[in-house]
Amino acid sequence: MRTLIKGGTIVNADATTAADVLVDGERIALIGESLEVEAERTIDASGKWVIPGAIDVHTHMELPFGGTFAKDTFETGTRAAAFGGTTTIIDFAVQSKGKSLREGLDAWMAKAEGNACIDYGFHMIMSDVTDESLKEMDALVDEGITDFKLFTAYPGVFYSDDGAIFRAMQQTAKNGGLILMHAENGMAIDVVAEQNVAAGNTDPYFHGTSRSPVFEGEATNRVIRLAQVAEVPVYIVHLSAHDALDAVRRARNEGLPAYAETCPQYLFLTLDDLGNGFEGAKFVCSPPLRPAEHAGELWKGLATDDLQVVSTDHCPFDFHGQKDLGQGDFRKVPNGLPGVEDRVNLLHSGGVVGGHMTPNRWVEVISTAPARMFGLAGRKGVIGVGADADVVIYDPDKKHTISAKTHHMDVDYSCYEGWDVTGNAEIVLSRGKVIVDSGEWLGAAGDGRFLKRAPAGELLNRT
Ligand code: URP
Ligand code: ZN
Ligand code: ZN
């Protein structure tokens, strides 16, 4: 099957070009001006942008958390992602305490296989660093699971102490992978949280005030310094605070391979959203939403490339029946927000239209940099000959209103309810197949393939 995309403007991270795109089977076969070639289907892209399918490197489909599970399955979550212009996700498989990495990986593979509608890869969450799990890391890198997330947060659940983190870092320095860090001082946070609850401060707002940005800055600097000694690249996930950004920037200015992502919730929402009584539970995530001044710093960090990626940390829990497990004690609210469907449009609307970034930089942070940093360069994240034909025909002028009534994520609320955004993914191709066309779903569960990714550690070490 050949598809000719005619009359559009290709927006890549490095250039904007008026050119046609020929898709042959699953790949981009030809790019050129006014192509006159035979094709079974022609898509008129005049007035539209042709961008590489977006890549969300931080999702949690079906993550067990706080006695419940993130609501989106690989089917519902990846379908919603596609409606929002995302054609690849990298989700987090979880090693439970006392279990092997392999058991965790097998479980997540089973959840995704036959269900995912778009291509997917996995990072591995390490909750139990042992001699055995350290050895297993190398095998996983060989199989395309090239990154390992460790936590200085969530004591008793995902938390690892500095020694365990350092051991995992040393192992990764040898196997070429990348260490991902959730950097908040979980031990100190738990003390403040307990004091808040003892004082009767049980509303979701106190989730935010218990998790000081200074605790995030401290932990970010600490893990970067551990990585410096272990001589491994480190990537800070869901960075929310200027304290943490300062630590990353300082390290990068010293020439260290330190990287970071932020998420739309930290750019667009604030600590105030956690107020309003228990309604604030809709906005409980970790790190928490911050006072407004932090967002301004994050936009600057994106402009200077001290932040390279915007991902979602998509981890949705219904307000009714899941978030309300934390009525009377904010510590019991499952942590996480929905967002996999909204990232591309929010970043276009607030970022590009809002004057914070160019269209090219937008493509860079939502697609090209994620591909480069997570071992998919050349294959994803670019409109280029030979790349997978993950292509979005994007209408930069289309306006719509975000609402839980119309979104495709399987969650009963939206953090952006009633927000007007500009820009929409009109037509979405996944490896050459049209899966979304003007709001109509044409994809299928099981069409998504597992992506065996290349280790990017060596490349990242050279930066
Ligand atoms: O609140 C969050 N971020 N939930 C998902 C788990 C994590 O820490 O990424
Ligand atoms: Zn995390
Ligand atoms: Zn996460």
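As the structure is a computational prediction, the values presented were derived from the model and not from experiment. (Residues numbered from 1 in each chain as written. Chains lettered and ligands numbered in written order. Predicted model: local features only at pLDDT ≥ 70, side-chain atom pairs only at ≥ 80, totals over all residues. Heavy atoms only, no water.)

This part takes up the overall build of the chain. A count of helical and extended segments in the chain gives 13 helices and 21 strands. Taking 463 residues into account, the globule formula puts the C-alpha radius of gyration at 23 Å, and the chain, at 21 Å, falls close to it. Each principal axis of the C-alpha atoms in the chain carries an extent, and together these give about 70 × 50 × 40 Å. Going through the 463 residues of the chain one by one, you find that 62% of them count as buried. Relative to all contacts within the chain whose residues are 6 or more apart in sequence, the contacts with residues 24 or more apart total 76%. Element-wise, carbon and sulfur atoms account for 50% of the exposed surface of the chain, whose accessible area totals about 16000 Å². With 41 positive and 66 negative side-chain charges, the chain shows a separation of 2 Å between the mean positions of the two kinds. (Helix = DSSP H or I, 4+ residues; strand = E, 2+ residues; numbered from the N terminus. Rg over C-alpha atoms; globule rule 2.2 N^0.38 Å. Buried < 20%, exposed > 50% of the residue type's maximum accessible area, 1.4 Å probe, protein only. Contact = heavy atoms within 4.5 Å. Areas by Shrake-Rupley, 256 points an atom, 1.4 Å probe, with all protein chains shown as cover. Lys, Arg positive; Asp, Glu negative; His and termini not counted. Charge placed at Lys NZ, Arg CZ, Asp CG, Glu CD.)

Each full turn of the α-helix corresponds to 3.6 residues, which orients residues three or four apart in the same direction. Over its 15 residues, helix H12 (residues 359-373) runs 20 Å from end to end, which matches the ideal 21 Å to within 8%, given 1.5 Å per residue. Approximately 50 degrees is the largest bend angle found in H12, and it occurs at Val365. Taken across its 15 residues, H12 has 13 buried, putting it largely inside the fold. Following H12 by one or two positions, Gly375 adopts a phi angle in the positive range, close to 70 degrees. (Expected span 1.5 Å × (residues − 1). Bend = angle between axes of the 7 residues up to and from the residue.)

Around the zinc ion (ligand 2), the donor atoms from the protein are Lys149 (NZ), His182 (ND1) and His238 (NE2), and they sit 2.1 to 2.2 Å away. For the zinc ion (ligand 2), the donor residues sit on a single chain with the sequence spacing K-x32-H-x55-H. Separating the zinc ion (ligand 2) from the zinc ion (ligand 3) is a gap of 3.9 Å. With Lys149 in strand S13 (residues 147-151) and His182 in strand S14 (residues 178-182), this pair connects stretches of sequence that are 33 residues apart. (Donors = N, O, S within 2.8 Å, 3.2 Å for Na, K, Ca; no water.)

Taken in spatial order, the seven strands line up as S3-S2-S7-S18-S19-S20-S21 in an open sheet, and their pairing is mixed. Each edge of the open sheet carries a strand with a single partner, namely strand S3 (16-18) and strand S21 (440-441). Against the sheet, helix H11 (residues 343-353) engages strand S7 (49-52), strand S18 (391-401) and strand S19 (420-430), with an angle of about 130 degrees to S19. (Pairing = 2+ DSSP bridges. Axes fitted to C-alpha atoms, helices over the stretch in contact; angles between N-to-C directions.)

Applying the stated criterion across every chain yields a total of two cavities of 30 Å³ or more. A volume near 110 Å³ is recorded for the largest cavity. Along the wall of the largest cavity there are 15 residues; nearest its centre are His60, Leu63, Phe65, Tyr154 and Asp313. When the residues that make up the lining of the largest cavity are grouped by side-chain class, the tally is seven nonpolar, six polar and two charged. In this structure, the second largest cavity spans a volume of roughly 40 Å³. Lining of the second largest cavity is provided by Pro264, Gln265, Thr312, Pro338, Gly339 and Tyr416. Considered class by class, the residues forming the lining of the second largest cavity number three nonpolar, three polar and no charged. (1 Å grid on protein atoms, 1.4 Å probe; cavity = no way out; pocket = protein on both sides within 12 Å on 5 of 7 lines; lining within 4 Å. Points joined across faces, edges and corners; volume = space filled by probe spheres on them. Nonpolar A, V, L, I, M, F, W, Y, C, P; charged D, E, K, R; others polar.)

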